[in-house]
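# Analysis of the macromolecular model
In case you want the letters, here they are:
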Amino acid sequence: MRSSFSPRRYLMCPPTHFKVTYSINPWMDPTKPVDLALALAQWEDLRDRYRTLGHTVEVLEPRPDLPDMVFAANGATVVDGRVLGARFAHPERTGEAAVHREWFRSHGWDEAEVREPVHINEGEGDFAVTASWLLAGRGFRSSPLSHPEAQEFFGRPVIGLDLIDPRYYHLDTALCVLADDEVMYYPDAFSPGSRAVLARLFPDAIVAEAADAAAFGLNAVSDGHHVLLPQAALGLFDPLRERGYEPVGMDLSELLKGGGSVKCCTMELRSAD
């Protein structure tokens, strides 16, 4: 058993108003109806699983005019108690950014530690925190200019990674941080140069196959021991167990209709400690 487990604090937003009426990624098809009751039950199962595992889940109040708010990871990036807000690429989601910033300001975060960004970034959709680096995706949503902005704000080295497959439009659909500087990722989602960077930084990474990436298996959350991931990503379960992790399969199939799964629904609130 891994010894790096530690309780985490997460922010989630229920899919009370979730629907797919527009398409801003290849997974979204407005002609396919959403079963809202099922989406809510799947989300509640994820929330309850976190709490059963000893984690704290804060809940953000959903807004009826913002159906994608369930994908709370996109609203900000929190590192060392500092909050870099989001600036969304698509107008359909623009209003989410201010709602997230207001949540932080009304829940004890110092005004000086909550930053409204200048450049487009979509929170933990494109920023992944390791022990040594801030990995930063670009190519479909977040602007390359957001990378130096994040480095200056957080004081952490930022490693830019180019995404080339529109199905994996955010970094968190193609890469998951497991613990410290250990990751799993899908190489074909990245440019050749970015694949070389990942291989150099993480020579012992778990490398996902195409079927598991397509099941959104990299859109996962790890607490250092448990890894919550889509249950359909069967090919990742044994490699995770071999590394000492405990995979926990979740069914968020209804939310996948919006292009998100476990990680998209989960923002980590990293304290200054």
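In case you missed it, the structure is sitting above this.
These numbers come from a predicted model, not from an experiment. (Residues numbered from 1 in each chain as written. Predicted model: local features only at pLDDT ≥ 70, side-chain atom pairs only at ≥ 80, totals over all residues. Heavy atoms only, no water.)

## Looking at the layout of surface pockets
Just so we agree on the cut-off: Of the two site types, the cavity is a set of points on a 1 Å grid over the protein atoms alone where a 1.4 Å probe fits but cannot get out, and the pocket is an open set with protein on both sides within 12 Å along at least five of seven lines, each lined by residues with an atom within 4 Å of a point. Grid points are joined across faces, edges and corners, and a volume is the space filled by probe spheres set on the points. Segments assigned H or I by DSSP are reported as helices when at least four residues long, segments assigned E as strands when at least two residues long, and all are numbered from the N terminus. Any residue outside Ala, Val, Leu, Ile, Met, Phe, Trp, Tyr, Cys, Pro, Asp, Glu, Lys and Arg is labelled polar, Gly included; the first ten of those are nonpolar and the last four are charged.
Estimated volume of the largest pocket: approximately 720 Å³. Forming the boundary of the largest pocket are 32 residues, of which Arg8, Val129, Val177, Glu268 and Arg270 lie nearest the centre. Of all the elements in the fold, those that place two or more residues in the lining of the largest pocket are β6 (127-129), β9 (175-179) and β12 (221-222). Of the residues assigned to the lining of the largest pocket, the class counts are 15 nonpolar, six polar and eleven charged.

## Thoughts on the pattern of salt bridges
Under the convention used in this document: Here, a salt bridge means any side-chain nitrogen of Lys or Arg that lies within 4 Å of a carboxyl oxygen of Asp or Glu. Relative accessibility thresholds used throughout: buried, under 20% of the residue-type maximum; exposed, over 50%; partly exposed, between the two (1.4 Å probe, protein chains only).
Scanning the entire structure with this criterion turns up 19 salt bridges. Where Arg47 meets Asp48, a salt bridge forms, and the shortest distance between an N and an O atom there is 2.9 Å. Judged by relative accessible area, Arg47 falls into the buried class, the value being 18%. For Glu116, the salt bridge is made with Arg101, and the minimal N-O distance between the two is 3.6 Å. With a gap of 15 residues between them, Glu116 in the loop between β5 (114-115) and β6 and Arg101 in helix α2 (residues 96-105) connect regions that are remote in the sequence. Its relative accessible area of 43% is what places Glu116 among the partly exposed residues. Put simply, Arg8, Glu124, Lys263, Glu268 and Arg270 are held in one network by salt bridges that share partners.

## Observations concerning empty space enclosed by the protein
Over the atoms rolls a probe the size of a water molecule, and in doing so it shows where empty space is left. The full count for this structure, using the stated rule, is one cavity of 30 Å³ or more. Looking at the largest cavity, its volume works out to about 60 Å³. Residue lining of the largest cavity: 13 residues in total, with Asn25, Phe71, Arg93, Tyr169 and Gly258 positioned closest to the centre. Its residues assigned to classes, the lining of the largest cavity comprises five nonpolar, five polar and three charged.

## Regarding the sheet that holds strand β11 (residues 206-207)
Cut-off, in case you're wondering: When DSSP finds at least two bridges between two strands, those strands are taken to pair.
Pairing is mixed across the open sheet formed by three strands, whose spatial order is β9-β10-β11. Each end of this open sheet is capped by a strand with a single partner; those strands are β9 and β11. In terms of strand pairing, β9 meets strand β10 (residues 182-185) through four bridges, oriented antiparallel. For Cys176, the partnering residue across the bridge sits in β10 and is Met184.

## Here we look at the pairing of β9
The buried fraction of β9 amounts to five of the five residues, a majority that puts the element mostly inside the structure. Where β9 folds back onto β10 in an antiparallel hairpin, the turn is made up of two residues, including Asp180, whose phi is positive at roughly 50°.

## Quick look at the nonpolar core
Stated precisely, the cut-off is as follows: To form a nonpolar core, buried Ala, Val, Leu, Ile, Met, Phe, Trp, Tyr and Cys residues must be joined to one another through side-chain atoms within 4.5 Å. Note on contacts: a residue pair is in contact if any heavy atoms of the two residues lie within 4.5 Å.
Counting 36 residues, the largest nonpolar core has Leu135, Leu175, Leu178, Met184, Phe190, Leu236 and Leu240 as its most contacted members. Elements with a contribution of two residues or more to this core: β8 (158-162), β9, β10, β13 (226-230) and α6 (237-242). With five residues, β9 is the largest single contributor of residues to this core. In contact with Leu135, other than residues within four places in its own chain, are Asp126, Phe127, Ala128, Thr130, Ile159, Leu161, Leu171, Leu175 and Phe202. The next biggest cluster of nonpolar side chains, apart from the first, holds 24 residues, and it includes Met12, Phe18, Val248 and Met250.

No statement about biological role is implied by the geometric values presented.
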